[in-house]
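Here is what each chain is made of, one letter per residue.
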Amino acid sequence: MSAAKHLIWKVLKANISIAQTIGYVAALFAGLTIIMAGAALFADVSRMAGGESASPLFPDSFRVVSKASDSSPLSFLSAAPGFSENEIKEIASQGFVKRCAPFATSRFEASVTADFGGARFSTAIFFEGVPDDFFETRPASWGFDPTNPVIPIILPSDYLTLYNFGYAPSRGLPKLSPRLITKVPLRVMIAGREGMESFPARVVGFSNRLNTIAVPVGFIEWANSRYGTLPNAAPLRLIVETKGDAGTAAERYFASKGLELSDSESGSGRVADFLRGVALIVAILGIALCLLALFIATLSLGLLISKNRGAIRDLRLLGFSGADVSRGYRRMVVSANIAAYALAAACFVLIELVWSSALEASGTTPAPIWIPLAIGTVVTALISIVCHHYIVRSVDF
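It should be emphasised that the depicted structure is a prediction, and the values quoted were computed from it without experimental measurement. (Residues numbered from 1 in each chain as written. Predicted model: local features only at pLDDT ≥ 70, side-chain atom pairs only at ≥ 80, totals over all residues. Heavy atoms only, no water.)

## Things to note about the overall build of the chain
Here's step 1: Summing up its helical and strand segments, the chain has 11 helices and 11 strands in all.
Here's step 2: The buried share of the chain, taken over its 397 residues, is 39%.
Here's step 3: Across the chain, contacts joining residues at least 24 apart in sequence account for 80% of those joining residues at least 6 apart.
Here's step 4: When the accessible surface of the chain is summed, it comes to about 21000 Å², and 63% of that surface belongs to carbon and sulfur atoms. (Helix = DSSP H or I, 4+ residues; strand = E, 2+ residues; numbered from the N terminus. Buried < 20%, exposed > 50% of the residue type's maximum accessible area, 1.4 Å probe, protein only. Contact = heavy atoms within 4.5 Å. Areas by Shrake-Rupley, 256 points an atom, 1.4 Å probe, with all protein chains shown as cover.)

Here it is in structure tokens:
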């Protein structure tokens, strides 16, 4: 029986085109390589943007959210719109939001005085607070104790820049370093329901994330209960931490709600969206090449079977089944598919080694390599199944 099968294949393989076979393997090799590379890129971008661990390439963004102000001529007669508890819960429930919290705002009058270099500076001031874990780093002296009422203050980094490159040159004053600022003693004067009182204060740090004069929430709550003259009101601003892959989804949502954003770290989400789009285009290109390879295979097989139609008919009349006649063609296609996948897998592994080294150098762990290889295996299997059915249907007449 094996000799008969060998004879059948010897008769049928005479018209096989080596050039067509190589062209099919090359197209399938290119398609599988591109598909696996696109899958790896998509997996790595998703992992970096919002995956299992924080990525230095796509960090989570902190956005200060407020409601858009009324632009009518009489808008100054109405209070600024605040956030209700339901609105805060709705924002927190969005898939791209990791956490959010309202700003605690001072409801008393305050001014700050500083004596520096023989000159005295004094200005009105306001305070806001957010939960401690929203700060990049929390100074060791952060906190407030009413029995030892020293007020720690964190200023926006922009304030020091404005002083050093705007105010100081115009007044002939020296530039100040962040370290020096923290050594300057301050006095905060608070006036409110229980009269007026002076407190020592000190700048303990600077923030690139919060554009406000930040103090501990504990101090805000204590001072509001003691000196507050304004009634409790809905918070006017929220600090929202969005995932690194939030991208345009977050912007569309906030825009649809009429909310204004101030991003501390903007652009990472849009870059993640762009790279996902690139990965998708690469994957589509790979699929197109695989479909082209499948078209080449079916066209070549159709021509081959057409040339051998007389021999196939004679073999069938001699009692050979369609499975016996098509076995050689099926083995040929499967062997070509395996060869193309092996070449594509080897090429992809080399690409992945270079790509993984670049990711690890940036501090990011690449996605597992078996995912793209599994996708390539599935695509190869699907193409083999399609070719198998095409051959069986073409031979079984």
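## Some remarks on the nonpolar core
Here's step 1: Core analysis: the biggest nonpolar cluster contains 29 residues, and F108, F127, I151, I153, L186, I190 and F219 have the highest contact counts within it.
Here's step 2: If you list the elements that add at least two residues to this core, you get strand 4 (109-116), strand 7 (151-156), helix 4 (157-171), strand 8 (186-192), strand 9 (195-207) and helix 6 (217-227).
Here's step 3: With 4 residues, the single largest contributor to this core is helix 6.
Here's step 4: Beyond its immediate stretch of four places on either side in the chain, I190 contacts F108, E109, A110, G195, M196, E197, F199, F219 and Y227.
Here's step 5: Of all hydrophobic cores here, the second largest spans 23 residues; its members include L32, M36, L294 and V379. (Core = buried A, V, L, I, M, F, W, Y, C linked by side-chain atoms within 4.5 Å.)

## So, the confidence of the model for the chain
Here's step 1: Per-residue confidence for the chain gives a mean pLDDT of 75; residues scoring 70 or more make up 73%.
Here's step 2: When pLDDT is averaged over each helix and strand of the chain, the minimum, 53, is found for helix 1 (residues 2-12) and the maximum, 89, for helix 6.
Here's step 3: A low-confidence stretch, residues 74-78 stays under pLDDT 50, and its non-local contacts, those more than four residues away or across chains, total 1 contact. (pLDDT = per-residue confidence, 0-100.)

## Considering the pairing of strand 9
Here's step 1: Judged from the 6 bridges that link them, strand 7 and strand 9 form a sheet pairing that is parallel. Considered in strand 9, the bridge of I153 is made with V203. (Pairing = 2+ DSSP bridges.)

## Focus: the pattern of salt bridges
Here's step 1: Scanning the model with the defined rule gives 5 salt bridges in all.
Here's step 2: Ionic pairing is found between K257 and E90, a salt bridge with its closest N-O pair at 2.9 Å. On the criterion of sequence distance, the pair formed by K257 in the loop between helix 7 (247-256) and strand 11 (259-263) and E90 in helix 3 (residues 85-92) is long-range, its members being 167 residues apart.
Here's step 3: By relative accessible area, K257 is classed as partly exposed at 43%.
Here's step 4: Of the residues examined, E90 reaches a relative accessible area of 32% and is grouped as partly exposed. (Salt bridge = Lys/Arg side-chain N within 4 Å of Asp/Glu carboxyl O.)

## As for the packing of aromatic side chains
Here's step 1: Taken as a whole and assessed by the stated rule, the structure comprises 9 aromatic pairs.
Here's step 2: Arranged with centres 6.2 Å apart and planes meeting at 85°, the rings of F199 and Y227 form a pair that is edge-to-face. With F199 in strand 9 and Y227 in helix 6, this residue pair connects regions lying 28 residues apart in the sequence. Like Y227, F199 is buried.
Here's step 3: Ring plane angle 65° and centroid distance 5.5 Å describe the contact between Y253 and F254, whose orientation is recorded as edge-to-face. Each member of the pair, Y253 as well as F254, carries the same accessibility label: buried. (Phe/Tyr/Trp six-rings, centres within 6.5 Å; stacked < 30°, edge-to-face > 60°.)

## Remarks on the environment of I181
Here's step 1: Summarising the element assignment, I181 is placed in helix 5 (residues 178-181).
Here's step 2: Residue class for I181 comes out buried when judged on its relative accessible area of 14%.
Here's step 3: Separated by 21 residues in the primary sequence, I181 and R202 have C-alpha atoms spaced 8.6 Å apart.
Here's step 4: Setting aside residues no more than four positions away along its own chain, I181 makes contact with L160, L176, V203 and F206.

## Re the side chain of N337
Here's step 1: Among the structural elements, N337 can be located in helix 10 (residues 322-361).
Here's step 2: The exposure class assigned to N337 is buried, which follows from its relative accessible area of 1%.
Here's step 3: Aside from chain neighbours lying at most four places away, what touches N337 is Y24, L28, T380, I383 and S384.

## Structural notes on a nonpolar patch on the surface
Here's step 1: Side chains of V349, L350, L353, I369, W370, I371 and I375 sit close together on the surface and give an oily, nonpolar patch of about 630 Å² of accessible area.
Here's step 2: Where the nonpolar patch is concerned, the elements lending two or more residues are helix 10 and helix 11 (370-395).
Here's step 3: Within the fold, L350 resides in helix 10. (Patch = residues over 30% accessible without salt bridge, like charges linked within 9 Å, V, L, I, M, F, W, Y side chains within 5 Å.)

## A look at the environment of I338
Here's step 1: Mapped onto the fold, I338 is located in helix 10.
Here's step 2: A sequence separation of 39 residues divides I338 from T377, and the C-alpha atoms of the two residues are 9.4 Å apart.

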